[in-house]
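Overview (structure and organization)
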Amino acid sequence: MNQIYQEILSILTTAPGNLTYHLVLAFSIAAALQASLNHWRLSSFPQVRRTVFGLSLLLALRFMLFILAGLAWQGLVNEQTLLPPIDRVVSLLGVMAVLWVWVFPEPNRRADAATLILALLALTAFVLNLIWWIGQAGIIDYKSSLPGQTSEIVTAVLACLGILLLLLRKPNGWAFGLAMLGLLMAGHLAALLLPAEPGDYFGIVRLAQMAAYPLLLALPQRFPLSPAQPRPALQAQTHERRKYAADPKLLQNLLSLSARAEPEKLCATLTSTISQMMLADVCLLLSPPDENGDMLVHCGYDLIREQPLEGLVISEAAAPLVASALSHAQPLRLPASSTSSDSWAFANGFNLPRPGHLLLAPIPDGNTTSLYGLLLLSPHSERSWNNEDQDLLTSLCASLAHLLHPQKTVPPDQELDETRQALRAALSELEELRSERAAYLAVLGNQPLSEDWEQGQAELSDQPQEFLLRLQAENDELRRLLKISESSGSPLQDEQLENELRLALQEVASLKSILSQADQKYLDVKYQIENQELPGPPAQEITSIVQDLRQPMSFILGYTDFLLGETVGILGNLQRKYLERIRSSTQRIIELLNDLHQRAGSENGHALLAPSNVDPNQVIDAAITHVSSQLRQKNITLRIDLSDLLPSIHANFESLQHALVGLLQNAGQATPTGGEISVSAKLQDNGSQAEYLHIQVTDQGGGIPTDQASHIFSSTSHLEQEIISGTGLPGTELSVIKMLIEDLGGRIWVDTHEGQGSTYSVLVPIAFEPDPFPAAQFPGGHPGGLPG
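Below is a short write-up of the structure. (Residues numbered from 1 in each chain as written. Predicted model: local features only at pLDDT ≥ 70, side-chain atom pairs only at ≥ 80, totals over all residues. Heavy atoms only, no water.)

Here we look at the overall build of the protein chain
Scanning the protein chain from terminus to terminus reveals 23 helices and 14 strands. Across the 788 residues in the protein chain, those meeting the buried criterion constitute 45%. When contacts within the protein chain are restricted to residue pairs at least 6 apart in sequence, long-range pairs at least 24 apart make up 71% of them. For the protein chain, the accessible surface area stands at approximately 40,000 Å², while carbon and sulfur atoms represent 56% of it. (Helix = DSSP H or I, 4+ residues; strand = E, 2+ residues; numbered from the N terminus. Buried < 20%, exposed > 50% of the residue type's maximum accessible area, 1.4 Å probe, protein only. Contact = heavy atoms within 4.5 Å. Areas by Shrake-Rupley, 256 points an atom, 1.4 Å probe, with all protein chains shown as cover.)

Following this line, the structure appears as structure tokens:
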């Protein structure tokens, strides 16, 4: 047994067997580096970036040693003179790199500086050692020399220090780091304590390294990525994921309600809304570090406790990564880490049990800096954040800059008051000037003040232009009297009169300009007030009610999906069944709220949504995906017949999809369990140059009574929300579907056969037009012969 052991050690320390040792270490490092690079591209975690940097240095050292060993094997390099000192310094620097990446996954200034200093000392000692060894090579064995023994002792001490630091800090995945450093320390201690065979290298050290370095593959796994969300094949790309508790488009409406609120209320509303929408346990609004390096947390919201959080101050030294990201207006994502000072700074500040995963997005000010930052934590649910979460939060923050740092505007009423005050002040100055000139005229003409001056005082505010004309006439009279005064030898000095007249004329010209500007400003403000568009009270009230109801319902839906994902525990069959019922009912309520919101917006006329090029196959696939669970519950067979190569249509994706979802839900409700629904789509030409997309949805609901078929799309015939026989939805919801189709320039009608079922037909133009189907073109007002 001892002979086999000695043979293994001999293979590892002599050429060409030692190349195997170098290859094993190099491939282990390269595999760990490749996994870390893949992780970094997907996550952008700063911890993984440090890992990539450390492994790159380690791979460069080992690759250099492998090249030198190969050259020495071929006799191109003197192995005995050059390789032993290089082998020792590479082993020493390797232990430093392993200690650095395992013990300090996050940036740490003290640890980074200490590691750099030790590395420089090691390189300095290597240069001195190499100079000394060149003269001793061939005389003594390097491993029995003082430098060789010293390098083994220092390397073993560093490995022991790394073990102690791992036990104290316990970073993520510390057990693998402990095993790796333990193996390395054991190898170097064995080299010092066990009897050594002649030679320059310790075979036991190389054997320990071959056992330890494959553990580097555990480094990228310390910070797992967020689990990928399944993407159904039939789901359209424009669909938003269901992992959020609210529609992100709702945020703009919610923020508009707080646009005029006080800063404290605005901050509370903002953090609570973002927290509920993103399903974040904690949401904080904070400012970038000031000149003292302090970051102010203005407010926050704890979604689990459902209570606001008071502000506090976090120093830049306590959260360096967050401070740097805010200063450079860059987003930041940090995984749950037991050694992250950034995460723990906020967790300790708000008395959280653990920091969880962290996501930061800056609110830009239009330049390269940020006004504020939104920071999300998941200390309770341990929810991780991925690229989609970061992109969504970043886009939301980009739209918040104008809300949190609005431009100072003057209300129209206040601007009008200021204009009136300026006008009164100008008229007052004119009145004083007029009185002075009247006094001069009285002295010059030796006659009392004219009563016409007092008569014109009441006309100043209403007729400023007429007053200026009168004032100009009086100035002409003043010039005439001055000429008379010059010829009659008035006691007043001519120079004084000329100066007074010149000043008066300058003042009149200046005030005339002011009055002209004020007049124009008054007309502009008056025009703005008269043309200001105010929302109608009924639509505004309905919108507010819908938003208040949609928020808690979306919150319920988000956490129901969270529980169904079994992230917090395995569900039993009965529990899953109840949760799916809750989810289905909540989705139904949200859809009703969306219908109510659309009907409220249609009270003032149908607002056409922005059209775009839409693939009919994607719309139909998305609608089928939306109702697939409903059809599976009733074991309904769905047959699809789509024409090949359906062209894109110019329509609004969401409106057409919502209408098709409604028709499929109606068919699913009307069709009995085990029945069949068919969906077809084809092109139809009405004989002109225009082409239309003809979509049909057929159910087996038993048909609609003839006397009620013409009223199924009416929103006023069924105030009690009763459902007509043969349909699955009330008339109010079917009327919303009709409204959406008509907004796309299309028509909808129904053909029914009592005792069998009904076929709902939708005709949409390929090229979007407001009304391509005149009512007189079809009998009864629609293509099917029935009133629309």
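Observations concerning the pattern of salt bridges
Throughout the structure, instances matching the rule amount to nine salt bridges. The residue Asp87 makes a salt bridge to Arg88 at a minimum N-O spacing of 3.3 Å. You'll find Asp87 and Arg88 in the same group, each marked buried. In this structure, Arg639 and Glu676 form a salt bridge, with 2.8 Å as the shortest nitrogen-oxygen distance. (Salt bridge = Lys/Arg side-chain N within 4 Å of Asp/Glu carboxyl O.)

As for the state of the cysteines
Considering all chains together, one arrives at one disulfide under this definition. Between the sulfur atoms of Cys267 and its disulfide mate Cys299 the distance is 1.6 Å. An S-S torsion of about -90° defines the bridge between Cys267 and Cys299 as left-handed. One end of the pair, Cys267, is in helix H10 (residues 263–278); the other, Cys299, is in strand S2 (residues 294–302), with 32 residues separating them in the sequence. With relative accessibility at 10%, the residue Cys299 sits in the buried group. Note on Cys283: no disulfide assigned, nearest cysteine sulfur contributed by Cys299 at a separation of 8.1 Å. For Cys397, which is in no disulfide, the shortest distance to another cysteine sulfur is to Cys283 and amounts to 8.5 Å. (Disulfide = S-S within 2.5 Å.)

Here's the deal with the nonpolar core
With 53 residues, the main nonpolar core has Trp102, Tyr213 and Leu216 as its most contacted residues. When contributions to this core are tallied by element, the ones reaching two or more residues are helix H2 (18–43), helix H3 (46–73), helix H4 (79–103), helix H5 (109–136), helix H6 (146–169) and helix H7 (174–193). Not counting chain neighbours up to four residues away, the residues in contact with Tyr213 comprise Leu25, Ser28, Ile29, Leu58, Arg62, Gly94, Met180 and Leu184. Listed in part, the 45 residues of the second largest apolar core include Val619, Ala623, Val627 and Leu740. (Core = buried A, V, L, I, M, F, W, Y, C linked by side-chain atoms within 4.5 Å.)

A closer look at the packing of H4 against H5
Following both chains from N to C, one finds H4 and H5 inclined at 170°, their axes separated by 9 Å at the closest point. Accordingly, the angle class assigned to the pair H4 and H5 is roughly antiparallel. Facing H4, whose interface residues are Gln80, Thr81, Leu82, Pro84, Pro85, Ile86, Val89, Leu92, Leu93, Met96 and Trp100, H5 presents Asp112, Thr115, Leu118, Ala119, Ala122, Leu123, Phe126, Asn129, Leu130, Trp133 and Ile134. When its residues are assigned to classes, the contact of H4 with H5 shows 17 nonpolar, four polar and one charged. (Axes fitted to C-alpha atoms, helices over the stretch in contact; angles between N-to-C directions. Parallel < 35°, antiparallel > 145°, perpendicular 65-115°, else oblique. Nonpolar A, V, L, I, M, F, W, Y, C, P; charged D, E, K, R; others polar.)

Some words on helix H22 (residues 653–670)
With 18 residues, H22 extends 26 Å from end C-alpha to end C-alpha; this agrees with the ideal 26 Å at 1.5 Å per step. For H22, the N-terminal cap is Asn652; the gap from its side-chain oxygen to the backbone nitrogen of Glu654 is 3.2 Å. (Expected span 1.5 Å × (residues − 1). Polar contact = N/O pair within 3.5 Å; in protein donor to acceptor, adjacent residues only side chain to side chain.)

Quick notes on unusual backbone geometry
Cis rather than trans, the peptide bond between Ala15 and Pro16 has omega equal to 0°. Residue placement: Pro16 occurs in the loop between helix H1 (2–13) and H2. Although it is not a glycine, Ser44 adopts a positive phi angle of roughly 60°. Here Ser44 shows up in the loop between H2 and H3. The backbone of Ala329 sits at a positive phi, close to 55°, despite the residue not being glycine. In this fold, Ala329 is placed in the loop between helix H11 (320–327) and strand S5 (332–334).

Some points on the environment of Gly662
Considering the arrangement of structural elements, one finds Gly662 in helix H22. A C-alpha to C-alpha distance of 8.7 Å links Gly662 and Ala623, two positions 39 residues apart in sequence. Ignoring sequence-local partners within four residues, the contact set of Gly662 consists of Leu729 and Ile737.

Overview of the sheet that holds strand S14 (residues 757–765)
The five strands lie next to each other as S9-S11-S12-S14-S13, forming an open sheet whose pairing is mixed. Because the sheet does not close on itself, it has two edges, and the strands there are strand S9 (637–642) and strand S13 (747–753). Averaged over neighbouring strand pairs, the angle between their axes works out to 15° when direction is ignored. Here strand S11 (residues 676–685) pairs with strand S12 (residues 691–698) via eight bridges, running antiparallel. Bridging from a neighbouring strand, Val679 pairs with Val697 of S12. (Pairing = 2+ DSSP bridges.)

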